[in-house]
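The lines below spell out each chain.
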Amino acid sequence: MIDGPTTCGGAPASCAGAPPVPFVRPAPGAGYRDRVSIRAWWASRRSFGFDVLVAAIAVALGLTLRMGRDAGLVDWPYLHQASAVLSGALLLYRRRAPFGSGAAICAVGLVYPTHVLYFAAYAAGACIEDRRRAWGLIGALVVTTTQPWSYPRPLNIVTGAGLALVPVLLGLYVAARRRLRADRAERVVRERELGFERVRMEERARIAGEMHDVITHRVSLMVLQAGALRTRARDEDVRASAEELRLVGCKALEELRGLVAVTRSERQMGSVVVGPRAVLDVSDLVADSRSAGIPVDLVTLGKPHPTSPVVGRAAYRVVQEALTNVHKHAPGAGVDIRLHYVGDEVRITVRNSAPTRAVDVALGSGGSGLLGLRKRVELVAGTLRTRPLPDGGYELLAILPAGATTTTTGDPA
């Protein structure tokens, strides 16, 4: 008679007519997590077992060997055994609460000293992170171990202090090795992160190069077609529009090449594209917007002074992004641009009135917009504020330090 289920080929057989038990595949990573949890559990158990072994050895030494001939501060026949067992039990907490357990062992040692004091001195040097508290506890343990009030002879004091300092020095050596291993592991992690950052920079430069190759090809075709249209067109208005389109395409190619050059220069981390300081010039942006039919008023207040290259690029992008938003969202609105030089700051105010008509041409959206602009301004230690106006318009205010420098160059991704 068979009590258990029969097997066939090593697989369990179910009852007749019952469907076989399906094989359930473990979730990805479940086995690894189980191994990690078991390893952590075993490490904690092994550490606890080692602490118990050390405490047992300390208690055995305390029960076997006596540190002095005196009976202790309390006249009790079992004081020696009680002090050894209590100190050994307190030694179990040398990892969790090294200062508290060491202070308690020191207090017990004042009543009756045992060899557990040496183990507590080692734990004070190896486990206490605060050096002031560690040395204070070490001094108290050394004095308790030496007992100068019971053995006032200088030779006895020096000998007792020397014996007590041996485990202290060993504990300090172990703590120094632990910190060195931690620093080495942190340095390895930091170097790995720097390697990842270097790879990211190189990939960014490669993508920028591919974008440059693709976009410049298409824009170059547009510029060539605009030039051909200007040559073949008979209408003067068409010729003027084609020439304007060609100039805008050439300007776009120039800016694209400049941005790709900046991105490629970031292959070395912390590199800065150094250039001459120049006065901010946004006249081309104003002229382009006026030619597109938007009335723009540019006012410069204060004495213009040169700015660093990164601040100049950030200020230029502030005006460019503000005018682009007017083109997109406020057709027919008037724009007032004020460049105010105050001390070592450049304050850029771009204010537009309410739109006079609905948006008739969709210029696209989904870019970084004001969020990317705010990041760019913050990179040069500036501030950017935007707010709607009561009349339906919009205002953008950027305050930039004229001489700011930064270790991150180029456009934010």
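The structure reproduced in this document is the subject of the present report. (Residues numbered from 1 in each chain as written. Predicted model: local features only at pLDDT ≥ 70, side-chain atom pairs only at ≥ 80, totals over all residues. Heavy atoms only, no water.)

### Some points on helix H8 (residues 283–291)
Part 1 of the reasoning: Of all the positions in H8, only Leu285, Val286 and Ser289 are classed as buried. Considered in projection along H8, the buried side chains sweep an arc of 100° and stay on one side of the axis.
Part 2 of the reasoning: Looking at the packing, one finds that the buried side of H8 touches strand S3 (296–301), helix H9 (309–329) and strand S4 (335–342).
Part 3 of the reasoning: Immediately downstream of H8, the backbone of glycine 293 shows phi near 95°, a positive value. (Buried < 20%, exposed > 50% of the residue type's maximum accessible area, 1.4 Å probe, protein only. Helix = DSSP H or I, 4+ residues; strand = E, 2+ residues; numbered from the N terminus. Arc of directions from axis to C-beta. Contact = heavy atoms within 4.5 Å.)

### Description of the sheet that holds strand S5 (residues 345–352)
Part 1 of the reasoning: Taken in spatial order, the five strands line up as S3-S4-S5-S7-S6 in an open sheet, and their pairing is mixed. Every interior strand has two partners, whereas the edge strands, S3 and strand S6 (383–388), have only one. On average, adjacent strands in this sheet sit at an angle of 10° to one another, irrespective of strand direction.
Part 2 of the reasoning: As paired strands, S3 and S4 are joined by six bridges and run parallel to one another. (Pairing = 2+ DSSP bridges. Axes fitted to C-alpha atoms, helices over the stretch in contact; angles between N-to-C directions.)

### Points about the pattern of salt bridges
Part 1 of the reasoning: The final tally for this structure, using the stated rule, is nine salt bridges.
Part 2 of the reasoning: Close ionic contact of arginine 190 with glutamate 186 constitutes a salt bridge, the shortest N to O distance being 3.4 Å. Here arginine 190 and its partner glutamate 186 are both found in helix H6 (residues 154–232), four residues apart, which amounts to about one turn of the helix.
Part 3 of the reasoning: Take arginine 190: its relative accessible area is 42%, and that puts it in the partly exposed class.
Part 4 of the reasoning: Residue class for glutamate 186 comes out partly exposed when judged on its relative accessible area of 46%.
Part 5 of the reasoning: For glutamate 243, the salt bridge is made with arginine 246, and the minimal N-O distance between the two is 2.7 Å. Of the two residues, glutamate 243 and arginine 246 both sit in helix H7 (residues 236–264), three residues apart, roughly one turn of that helix.
Part 6 of the reasoning: Arginine 246 gets classed as partly exposed once you look at its relative accessible area, which sits at 22%.
Part 7 of the reasoning: Here the salt bridges share partners, and the residues they tie into one network are Arg230, Glu243 and Arg246. (Salt bridge = Lys/Arg side-chain N within 4 Å of Asp/Glu carboxyl O.)

### So, unusual backbone geometry
Part 1 of the reasoning: At alanine 381, a position not held by glycine, the phi torsion is positive, near 65°.
Part 2 of the reasoning: One can find alanine 381 in the loop between helix H10 (369–379) and S6.

### Brief notes about the pairing of strand S7 (residues 394–401)
Part 1 of the reasoning: The buried fraction of S7 is high, at seven of eight residues.
Part 2 of the reasoning: As judged from the eight bridges shared by S5 and S7, these two strands associate in the antiparallel manner. Looking at the pairing, valine 346 lines up with leucine 400 of S7.
Part 3 of the reasoning: Pairing geometry for S6 and S7, over six bridges, is antiparallel. Considered in S7, the bridge of arginine 385 is made with leucine 397.
Part 4 of the reasoning: Between the antiparallel neighbours S6 and S7 lie five residues, among them glycine 392 with a positive phi of about 95°.

Such coordinate-based values are descriptive only and should not be taken to indicate function.
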